[in-house]
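Here's the letter readout for the chains.
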Amino acid sequence: MGTRFLLFIFSICLLYCTSCTTPSKIAYFESAKDTTYRSAVGAIEAPIQKNDILNIFISSLSKTASADFNSTDNGVKGYLVNSDGNIQMPMLGNVPAEGLTKKQLKENITKTILSKKLLIEPIVEIRHLNFEVTVLGEVGHPTVINVPSEQISLVKAIGLAGDLTIYGKRDNILLIREEDGKRITRHININSVDFLNSPYYYLKPNDLIYVEPNKTKIATTNRSQQIIPIVFSSISILVLVLDRVIK
């Protein structure tokens, strides 16, 4: 009888701690209707920034001559954009990179090679080696995501981080981005149809996503912190009382 009574009291207390929460809006794109949205693919390439690591591979009709541009001495697997915004390349020396897109840098390197008559019909390929985005907050498993394809949407990043929890704010996701030496912040509502045409639909290297907890999560956490100590104190007292009565 005493054990059943204790379990009953404990169950009531736990229900109190976890109840009284309002249903969260957990659907995505609630206002989206059947239509066609213009892709923003052409606008997603981010300019190269300091501390970017670039893989640059140069080929041509002469494999031997091209090899001089693709030296991997000292284990170097990429070119670091230094504090001056430049990269140091074999045969070419100091090459400005900061602020350029990969396409622009590719064109500049190609023109330089041709102007110096170093190769015939050079082909330049450039890839980011440290394209990463970070997802924190109310997601299944906060994580840093490496993006070898160099293209990832905000929604995909959230999916790779285990999706939003039911406590995550879908209408106020924080994006922190570094551009032109400045750190900018934007709050994004992924329930809005405007998000599908947003310049923030696709992420850029080093973007940080933070999903804030909603009021339900905050209230539940605060209530639990207040009630649980009381629950265990009450159970301890009941155990002592029942122990005395049984004896």
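Residues numbered from 1 in each chain as written. Predicted model: local features only at pLDDT ≥ 70, side-chain atom pairs only at ≥ 80, totals over all residues. Heavy atoms only, no water.

Brief notes about the pattern of salt bridges
Right, on to step 1. In total, this model carries 7 salt bridges according to the counting rule given.
Right, on to step 2. Here K102 ties to E150 by a salt bridge, and the two come within 2.3 Å at their closest N and O atoms. Separated by 48 residues along the polypeptide, K102 in helix 3 (residues 102-115) and E150 in the loop between strand 7 (143-146) and helix 4 (154-160) bring together distant segments of the chain. Neither K102 nor E150 differs from the other in exposure class; each is buried.
Right, on to step 3. Linking E150 and R127 is a salt bridge whose minimum nitrogen-to-oxygen distance equals 3.7 Å. (Salt bridge = Lys/Arg side-chain N within 4 Å of Asp/Glu carboxyl O. Helix = DSSP H or I, 4+ residues; strand = E, 2+ residues; numbered from the N terminus. Buried < 20%, exposed > 50% of the residue type's maximum accessible area, 1.4 Å probe, protein only.)

What to know about the sheet that holds strand 8 (residues 173-179)
Right, on to step 1. In spatial order, the strands read 7-6-10-8-9; together these 5 strands make up an open sheet with mixed pairing. In the strand order of this sheet, the two ends are held by strand 7 and strand 9 (182-188), each with one partner. For this sheet, the mean angle separating the axes of adjacent strands, direction not counted, is 20 degrees.
Right, on to step 2. Pairing of strand 8 with strand 9, which is carried by 7 bridges, proceeds in the antiparallel orientation. Paired with L174 across the two strands is H187, which belongs to strand 9. (Pairing = 2+ DSSP bridges. Axes fitted to C-alpha atoms, helices over the stretch in contact; angles between N-to-C directions.)

Digging into empty space enclosed by the protein
Right, on to step 1. Per the counting criterion, the structure on display carries 1 cavity of 30 Å³ or more.
Right, on to step 2. Considered as a void within the structure, the largest cavity measures approximately 40 Å³ in volume.
Right, on to step 3. Around the largest cavity sit A46, P47, Q49, R177, E178, E179, D180, K204 and P205, which together line it.
Right, on to step 4. Classifying every residue of the lining of the largest cavity by side-chain character gives 3 nonpolar, 1 polar and 5 charged. (1 Å grid on protein atoms, 1.4 Å probe; cavity = no way out; pocket = protein on both sides within 12 Å on 5 of 7 lines; lining within 4 Å. Points joined across faces, edges and corners; volume = space filled by probe spheres on them. Nonpolar A, V, L, I, M, F, W, Y, C, P; charged D, E, K, R; others polar.)

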